[in-house]
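Chain by chain, the residues:
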Amino acid sequence: MAPLKLSSKNLSQIASTAGEHKVQVPSYTRGDAVKEGIVHVGVGGFHRAHLAVYVDQLMQKHGEKNYAICGVGLQPFDAAMRDALGAQDHLYTVIERSAKGSFAHVVGAINSYLFAPDNREAVIAKMAHADTHIVSLTITESGYYYNENTHELQSEHPDIQYDLDPAHETAPRTTFGFLYAALRRRHQHGLRPFTVMSCDNMQKNGSITRHMLESFARLKGDAAVADWIATQGAFPNAMVDRITPQTSAADKTALADTFGIEDSWPVVTEPFMQWVIEDQFADGRPAFEKVGVQVVKNVHDVEQFEKHKLRLLNGSHSALGYPGQLAGFKYVHEVMENPTFNKFVWQMMQEEVKPLLPEIPGVDIDEYCRTLMGRFENPTIMDQLPRICLNASGKIPQFIMPSIAEAIWVKAPFKKLCFVAAAWFRYVNGVDDAGQEFTVDDPMREELQTKARAGGTKPHQLLSIKSLFGDDLRTDERFLAEITRAMEDIARDGILKTLEKYVD
Ligand code: CS2
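Within an unreviewed UniProt entry, the label attached to the protein reads Mannitol 2-dehydrogenase, and the organism entered is Aspergillus saccharolyticus JOP 1030-1. Database annotation for the protein, UniProt heading Catalytic activity (unreviewed entry): "D-mannitol + NAD(+) = D-fructose + NADH + H(+)". Regarding the protein, the UniProt comment filed under Sequence similarities (unreviewed entry) reads as follows: "Belongs to the mannitol dehydrogenase family."

So this is what it looks like as C-alpha cells:
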C-alpha cells in the first residue's frame, strides 16, 4: 500500500494502520484550540526529539492547552524546515531506534512556524504576545556570541553590531536582537518578561543567556529594560540530553516502508532522554515534572548534572569525532566497534574525566558511563561523525578544555584529553589520514585553518586564539609538552597508531 502523507486529515488513518508497526498519533486538539505559550528559536532535530516531545506528552497525557509551541527559524537555511513542516500541518514523526526495534510516533506539539527572514516583525510580535510565557532556544554555542575568555558578549561581532544599530531594531538578525525587541515591547505593555529557556549544551547555559542579553540591552543604552531583565527576568540553567542524528534519505524511506508514513522530515533518535532544569520561571510554566523532567530548586544541582553530561557524554563524543573522522570512520558506532577506540573512550572517562567530577546524590557515575558506552554503541541510529564535529570551536572549549585545565590545577592525569585536543588541531586542516579531504564546518574555520597551517605540529598558533583558550593553558609547560607530543605523533604515525599509545 502506498504510504500516507502526514497531515491532520490523515492522522486517524495512520493510527489505525493495522499490524505490529502501529504508530502513536496525537489525539489532542491543535490549531486555534490551543495557546502557543512557548516560542522556540532553532527548530532542528534535537528540539523536535526533546522539548517538543516533552510538550507533546503534556498535551497528550495531561491535557495541556496553554503551552503549544510556535517554532521560529532565524537563519536562511531554516526555510527548509518552514516548508517541510508547513506542508504537513507542522506534524512530524519521531522514530526511536535501538536493539529493541523501531518505534514511531507523530508529534503535534509544534502548532505553527515563523520564518524570520520572511517577516521579522511577526517574530517580535509573537514573542511579545501575552500568551507567550517562555522563549526557548537551541541556537548552538555560536548563537550566544559568548567570549570564553572574557566571559562577555562578543560586542564587536558584526552581527551584534548590526543588531545594536537603532535602524535595525524591528528587523534584527541575532537571537538577542529579537529577545530584546520583544522584551522591550512587553515592558512597555506592562506584561511580565517571558522566561528565556536555553536548551543548548553549555555549562551555565541559563546564566550565560541572562548575562549576554542584559549586556546587549545595556549596549543598546536601554537601562530600564536591562534592569527589568536583571530583576524580573528568568533564565533557568538546564542539562539537556538526547542523541539525535541528522535525518537521512534512508530514514524517510524506512518510515514509509515500515510505518506507511510519508513524512518529508522525520526525526530519528535513541530511546534515552533526559532534562534537568532549574525551577526559575518568570511568567508561569507547564508541569514539566509530570512527564519525567527533573525540575530542581537548586541551581547548584543543575550545574553538577550539566558538568557530568557535558564532560562525559559530549567530551566522549569529541574523543570519537575528531580522531574518528581522521581515521576514516563515518559513524559513532563504527568508531566504538574499533577495540582501541572503545577502550580509549572508557579509560578517558574513568581515568581523566570522572575524578574531576562532583558526586551527585543518587547518581552512580560508573553506571552513567556504562550507559553512555551502550548509547554510543547503538548501531541503529547511525549517528554521523560530521554532526559530532560540527562547530567544534564552540564545543572543545566546553567539553574538553575545562577538564584539562582542572586536571593541571589538581595535578591529575590529562594525557588522553590532550590527544583529543591534538586530534582536533589536526582535524581543522580538513584532510584525513588517507589524504581524503572533508568539510570543516565551523564559524571560525578560516582563522583555525590559517593558524593550523602556520603552526604545523606545534600548538602555539592555535592556542593563541584567546577567545577559545584563554591565557592559562598557553603557558603551562606540562600541557604544552603533552599536546605537542600528541600532535607530532599524529602527524608522523596517523591516528590509529598513535591511539595505541594512549590505551593501557
Ligand atoms: C553532540 C551532541 O553535537 C555534539 O557534539 O555531542 O549533539 C549530543 O548528541 C547531544 O548533546 C546529546 O544530548
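**Remarks on the UniProt feature "domain: Mannitol dehydrogenase N-terminal" (unreviewed entry) in the protein**
UniProt's entry tags residues 37-290 with the feature "domain: Mannitol dehydrogenase N-terminal" (unreviewed entry), counted in the numbering of this structure. Helix and strand shares over residues 37-290 are 36% and 20% respectively, and the end C-alpha atoms of the span are 17 Å apart.

**Description of the sheet that holds strand S3 (residues 38-41)**
The strand order across the open sheet built from five strands is S7-S4-S3-S8-S9, with neighbouring strands paired in parallel fashion. Sheet topology places strand S7 (110-115) and strand S9 (195-198) at the edges, where each strand pairs with a single neighbour. Ignoring which end each strand starts from, the neighbouring axes of this sheet average 25° apart. Relative to strand S8 (residues 134-137), S3 is paired through four bridges, and the arrangement is parallel.

**What to know about the environment of leucine 357**
Mapping leucine 357 onto the fold places it in the loop between helix H13 (339-353) and helix H14 (365-377). Given 18 C-beta atoms within a 10 Å radius, leucine 357 is considered partly exposed. When the C-alpha positions of leucine 357 and lysine 307 are compared, they lie 7.3 Å apart, and in sequence the two are 50 residues distant. Other than its neighbours up to four places away in sequence, leucine 357 contacts Lys307, His308, Arg311 and Ile365.

**Section: the nonpolar core**
Ranked by size, the top nonpolar core spans 90 residues in total, and within it Val55, Met127, Leu179, Met212 and Leu213 carry the most contacts. With seven residues, the top contributor of residues to this core is helix H7 (residues 175-188). Three or more residues apiece are contributed to this core by two domains, here domain 1 (25-77 + 110-245 + 271-294) and domain 2 (301-502). Look past the residues within four positions of methionine 127 in its chain and what remains in contact with it is Val39, Thr132, Val135, Phe178, Ala182 and Phe194. Within the second largest apolar cluster, 56 residues are counted, among which are Phe329, Met336, Met348 and Trp424.

**Notes on the site of the ligand**
Looking at the ligand, the residues that line it are Asn201, Asp241, Arg242, Ile243, Leu313, Asn314, His317, Ile388 and Lys395. Per element, the largest residue contribution to the shell around the ligand is three residues, and it comes from helix H11 (residues 299-326). When residues of the shell around the ligand are assigned to domains, at least three fall in each of domain 1 (25-77 + 110-245 + 271-294) and domain 2 (301-502).

**Brief notes about the domain arrangement of the protein**
When cut into domains, the protein gives domain 1 (25-77 + 110-245 + 271-294) and domain 2 (301-502). Each partner contributes residues to the interface: domain 1 has 20 residues there, and domain 2 has 25 residues. Those elements that provide at least two residues to the side of domain 1 that touches domain 2 are strand S10 (238-241) and strand S13 (274-278). Within the side of domain 1 that touches domain 2, the residues separate by chemical class into eight nonpolar, seven polar and five charged.

Rules used in this analysis
Residues numbered from 1 in each chain as written. Predicted model: local features only at pLDDT ≥ 70, side-chain atom pairs only at ≥ 80, totals over all residues. UniProt positions renumbered as here; feature names shortened; annotations may be inferred. Helix = DSSP H or I, 4+ residues; strand = E, 2+ residues; numbered from the N terminus. Pairing = 2+ DSSP bridges. Axes fitted to C-alpha atoms, helices over the stretch in contact; angles between N-to-C directions. Buried ≥ 20, exposed ≤ 12 C-beta atoms within 10 Å, placed from the backbone. Contact = placed C-beta atoms within 7 Å. Core = buried A, V, L, I, M, F, W, Y, C linked by C-beta atoms within 7 Å. Domains from an automatic or database assignment. Near = placed C-beta within 6 Å. Nonpolar A, V, L, I, M, F, W, Y, C, P; charged D, E, K, R; others polar.

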